[in-house]
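An overview of the molecular structure
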Amino acid sequence: MPYAQISNLDFKDIKTVLKEYMRSQSDFTDYDFEGSVLSNLLDVLAYNTYYTAFNTNMAVNELFIDSATLRDNVVSIARQLGYRPRSVTSPTAYVSLKVDYTSSTSDTEVILKEGTGFVASFNNRIYQFVTPSNVTAQVVNDSATFNNILVREGTFLTNTYTVNTSNKTQRFILDNRNIDASTIKVSVTVDGSTISEPYLLADNILDITGDSKVFCLNEIDDQRD
Amino acid sequence: MTDDLLSVKDKAAIKQSIMNLLLTQKRERLYNPDLGSSVTDMLFEPLDYASAAIIQTEVANVLGQYEPRIRVLDVICTPDIRLNGFNVEVHFEITGRNDAPQQINFVLERTR
């Protein structure tokens, strides 16, 4: 039997190899004629081989970070190497504003709460900004001035989950895509308490103990975290 | 070979191949869209001698192009009102042999 070029990814080449095989034995004839039933069967075999070879080729490509084309696969391989890809980054602006009371007040400070929205327009497009954290300004002479407060484009969202302590591998999936991961804040409230405790993002597992207040962040499919 | 499947050989294989070619529609075979004939399309044309002539030409062309084992001597196609189809006779000889000319007859009918 002649050497079979098994790396062929072309239908015609695969069929030619199958014909070469047929030629090397004498059980079957008329495979060379396109109208024959055997030629039809060779088409089916060649297509099956072609389909499998193509599928294998694509699947193996996705196993290596150099040749993977689907983001989910690249992220998965990068995770094994200890990397987490950057998320999208929300545009940032710094704005100053002044709050004037219309009448005399005894307030000593004004709090601009996290999630407060601002709307900007440019070239007939509307851009929505929010404050990512509380900002406090002192009231002086019935007015409060906020200088260079940071606002980020996007929407401020809060997701609440219930921890299932019996599930040791519980994940909390943020269903929104395109989250700026650097703005993710996690706080945990014990059942029955009103005080929430902030948890910090852990980049690695060094120095983490059972009492560490940390959370781990990974990108999963569809660019969700 | 277990003989679970019977294989046809010689003249029978050629006749089977002829039928396969004529009843295969163009673009039906993978990666070989030109293979086949358009006789099945013609079955929905008027049942007259004009359509029969087109089928006759098509049969001769297809066999001349894709079945090098034969030489077509004659193709006769006649409309059959009773069967609502076309009677086709193909006369051919097998190339490279001194056999008597062969003949294959079949009826092309619309299937709904």
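In the block above lies the structure referred to throughout.
**Things to note about the overall build of chain A**
Counting secondary structure elements, chain A contains 3 helices and 9 strands. Reading chain A from its N terminus to its C terminus gives the helix and strand order α-α-α-β-β-β-β-β-β-β-β-β. A total of 225 residues make up chain A; the buried ones form 23% of that total. Carbon together with sulfur atoms contributes 52% to the accessible area of chain A, which is approximately 16200 Å² in total.

**Some words on the pairing of strand E3 (residues 117-122) of chain A**
For a regular strand, side chains alternate in direction, first toward one face of the sheet and then toward the other. Residue and element names in this part refer to chain A. Of all 6 residues that make up E3, 0 are buried, and the element is exposed over most of its length. Relative to strand E4 (residues 125-130), E3 is paired through 6 bridges, and the arrangement is antiparallel. Across the sheet, the residue bridging to Phe 118 is Phe 129, located in E4. A loop of 2 residues connects E3 with E4, the two strands running antiparallel in sequence, and Asn 123 in this loop sits at a positive phi of about 50°.

**Observations concerning unusual backbone geometry**
Negative phi values dominate among residues other than glycine, just as trans dominates among peptide bonds. All names here are of chain A. Positive phi is not limited to glycine here, since Asn 141 has a value of about 55°. Along the chain, Asn 141 falls in the loop between strand E5 (135-140) and strand E6 (143-153). Even without glycine at this site, Asn 148 takes up a positive phi of about 50°.

**Some remarks on the interface of chain B and chain A**
Chain B puts 15 residues into the contact, and the matching count from chain A is 17 residues. Between chain B and chain A, roughly 1400 Å² of surface is buried when both sides are summed, and carbon and sulfur atoms account for 54% of that area. For the pair chain B and chain A, the interface holds 3 salt bridges. Linking Asp30(A) and Arg69(B) is a salt bridge whose minimum nitrogen-to-oxygen distance equals 3.8 Å.

**Some points on the sheet that holds strand E1 (residues 70-80) of chain B**
Residue and element names in this part refer to chain B. Within the open sheet, the 3 strands sit side by side as E1-E2-E3. Their pairing is antiparallel. The outermost strands of the open sheet, each flanked by one partner alone, are E1 and strand E3 (102-109). Within the sheet, the average angular offset between the axes of one strand and its neighbour, ignoring direction, is 15°. The pairing of E1 with strand E2 (residues 85-94) spans 10 bridges and is classified as antiparallel.

**Things to note about the environment of Val163(A)**
Residue and element names in this part refer to chain A. Position of Val 163 among the secondary structure elements: in the loop between E6 and strand E7 (186-189). It is 9.3 Å that separates the C-alpha atoms of Val 163 and Val 188, two residues lying 25 residues apart in sequence. Non-local contacts of Val 163, meaning those with residues more than four positions away in its chain, are made with Gln 170 and Phe 172.

**Digging into the side chain of Ser39(A)**
Residue position: Ser39(A) is located in helix H2 (residues 37-61). Discounting chain neighbours no more than four positions away, the residues touching Ser39(A) are Lys15(A), Tyr31(A), Phe33(A), Glu34(A) and Arg29(B).

The rules we used
Residues numbered from 1 in each chain as written. Chains lettered and ligands numbered in written order. Predicted model: local features only at pLDDT ≥ 70, side-chain atom pairs only at ≥ 80, totals over all residues. Heavy atoms only, no water. Helix = DSSP H or I, 4+ residues; strand = E, 2+ residues; numbered from the N terminus. Buried < 20%, exposed > 50% of the residue type's maximum accessible area, 1.4 Å probe, protein only. Areas by Shrake-Rupley, 256 points an atom, 1.4 Å probe, with all protein chains shown as cover. Pairing = 2+ DSSP bridges. Contact = heavy atoms within 4.5 Å. Buried area = accessible area lost by both parts, 1.4 Å probe. Salt bridge = Lys/Arg side-chain N within 4 Å of Asp/Glu carboxyl O. Axes fitted to C-alpha atoms, helices over the stretch in contact; angles between N-to-C directions.

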